[in-house]
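Geometric and topological summary
One letter stands for each residue in the lines below.
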Amino acid sequence: MRSTTLWLDEAPTVVAAGIGVHGVSTAHDVFRLPGLWQLHLYHYEGALSLGQSVHPIRPGHVSLVPPNTEVHFHYRGRSEHFYVHLRLHEGGSARVVPVMQDAAAESTRLADLLRHAVTAMPTSASRATAEVWAALWRIAELPSGEGDGRGHPYVSAAQAHVEEHLAGPLSVPDIARAVGISHTHLTRLFRAETGLTVVSYIRRRRLHRARHLLSSSTLSITAVAAAVGIADLQAFNKACRRELGASPREIRAAGSPGPGAEDTPGAPGMPGEGAAADGRGRVRGGDPLSTV
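The next subject is helix α3 (residues 153–164). Between the first and last C-alpha of α3 there are 16 Å, a value that for twelve residues agrees with the 16 Å anticipated at 1.5 Å per step. Restricting attention to buried positions, one finds in α3 the residues V155, A158, H161 and V162. With its buried residues spanning 120° around the axis, α3 presents them on a single face. Here the buried face of α3 lies against α4 (172–179), α5 (183–194) and α6 (198–216).

Residues in a regular strand point their side chains to alternate faces of the sheet. Most of strand β7 (residues 61–65) sits inside the fold, with five of its five residues counted as buried. Because side chains alternate across β7, one face comprises the buried residues H61, S63 and V65, and the other comprises V62 and L64, equally buried. As paired strands, β7 and strand β11 (residues 100–102) are joined by three bridges and run antiparallel to one another. Within β11, the residue paired with V62 across the bridge is Q101.

Taken together, the four strands give an open sheet; going across it, the order is β3-β8-β5-β6, and neighbouring strands pair in antiparallel fashion. Because the sheet does not close on itself, it has two edges, and the strands there are β3 (28–31) and β6 (53–57). Averaged over all neighbouring strand pairs, the angle between strand axes comes to 15°, with direction disregarded.

This next bit is on helix α1 (residues 106–120). Here α1 is 15 residues long and its end C-alpha atoms lie 21 Å apart, about the 21 Å a rise of 1.5 Å per residue gives. For α1, the secondary structure elements touched by its buried residues are β2 (13–22), β4 (37–42), β9 (79–87) and α2 (125–140).

Before going further, it helps to examine the pairing of strand β8 (residues 71–75). Here β8 shows one buried face, formed by V71, F73 and Y75, and one open face, formed by H72 and H74. With four bridges joining them, β3 and β8 adopt antiparallel strand pairing. Residue pairing for β8: H28 is matched across the bridge by H74. Two strands pair when backbone bridges link them, and strand β5 (residues 46–50) and β8 are joined in this way by four bridges, in the antiparallel orientation. Directly across from G46, in β8, lies its bridge partner Y75.

A word on the sheet that holds β4. Taken together, the five strands give an open sheet; going across it, the order is β2-β9-β4-β7-β11, and neighbouring strands pair in antiparallel fashion. Each having just a single partner strand, β2 and β11 make up the two edges of the open sheet. This sheet shows a mean twist of 20° between the axes of neighbouring strands, independent of strand direction. Here β4 runs beside β7; their pairing, made up of four bridges, is antiparallel. Within β7, the residue paired with L41 across the bridge is V62.

Rules and cut-offs
Numbering of residues starts from 1 in every chain and runs along the sequence as written. pLDDT decides what is reported in this predicted model: residues at 70 or higher carry local features, side-chain atom pairs at 80 or more are listed and counted, and totals for whole chains, interfaces and linings draw on all residues regardless. Values shown for side chains rest on all heavy atoms present in the structure; no hydrogens or waters enter the calculation. Strands here mean DSSP runs of E at least two residues long; helices mean DSSP runs of H or I at least four residues long; both are numbered from the N terminus. Every helix has an expected span of 1.5 Å times one less than the residues it contains. Relative accessibility under 20% of the residue-type maximum defines a buried residue, over 50% an exposed one, and the middle range a partly exposed one, all with a 1.4 Å probe and only protein chains included. Throughout, the arc means that of the directions going from the helix axis to the C-beta atoms. Residue contacts are defined here by distance: any two heavy atoms, one from each residue, within 4.5 Å place the two residues in contact. Each pair of strands is called paired provided DSSP finds at least two bridges between the two strands. Fitted lines through C-alpha atoms give the axes, limited to the stretch in contact for helices. The angle between two N-to-C directions lies from 0 to 180 degrees.

Printed below as a string of structure tokens:
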């Protein structure tokens, strides 16, 4: 078994969480959990066998084993790992992930989440569930390099950078530098992954956030414009009319568009490709959002 399928649209049910200590009295454990998933984050070197598949264990590796799967652990002396036994609720979007992954730099964050889950479990199962759910999403989004259909890590990093800096100036070269690749490479990857230019994606995210703030908060229109990185109020009005089909005041008067409406690709009024981007990552044609 090299991969497994996760369903994360609904919170898991966490049954147990703790720190397992093994390899003290035996160098080999064999067991299965008939109705529970096993999540492990390792601090040692060893091996995990599932059927004919053997997965090396290294510090910082993380594994997810589905229910009713016989596992063989091979230790090299005292071995400690975080463990969580849980149920996943099938339904919604399915994500295929490797059984064993190297969490690399993400292992520190995963360790923090699982540590909080372990300490919360005796007094607050809901808090433990929240920590484990967050950990599962991070594990599901680890770059695997196996062509399993998940987002390209550079594109995901660029999107995260945009979300974190949406209120400030953004340019394609700056985003490319932040994720560690060239402007040209990012442009090509982004178009292949999302079907959008980077500039179009920034415009879409800014107007999505603007519509949410206009519909769901009492923040002033001037403050909303600034919060989404369009400080010029005239440009903000023009962008809303063009991309959302109404002025900021009209959007506010209409109220909330309903759950999930803002992030529905291709929905009416969604900012689309619009004008093309020039070689410097700016929009041609006098677009008031050209300086992104």
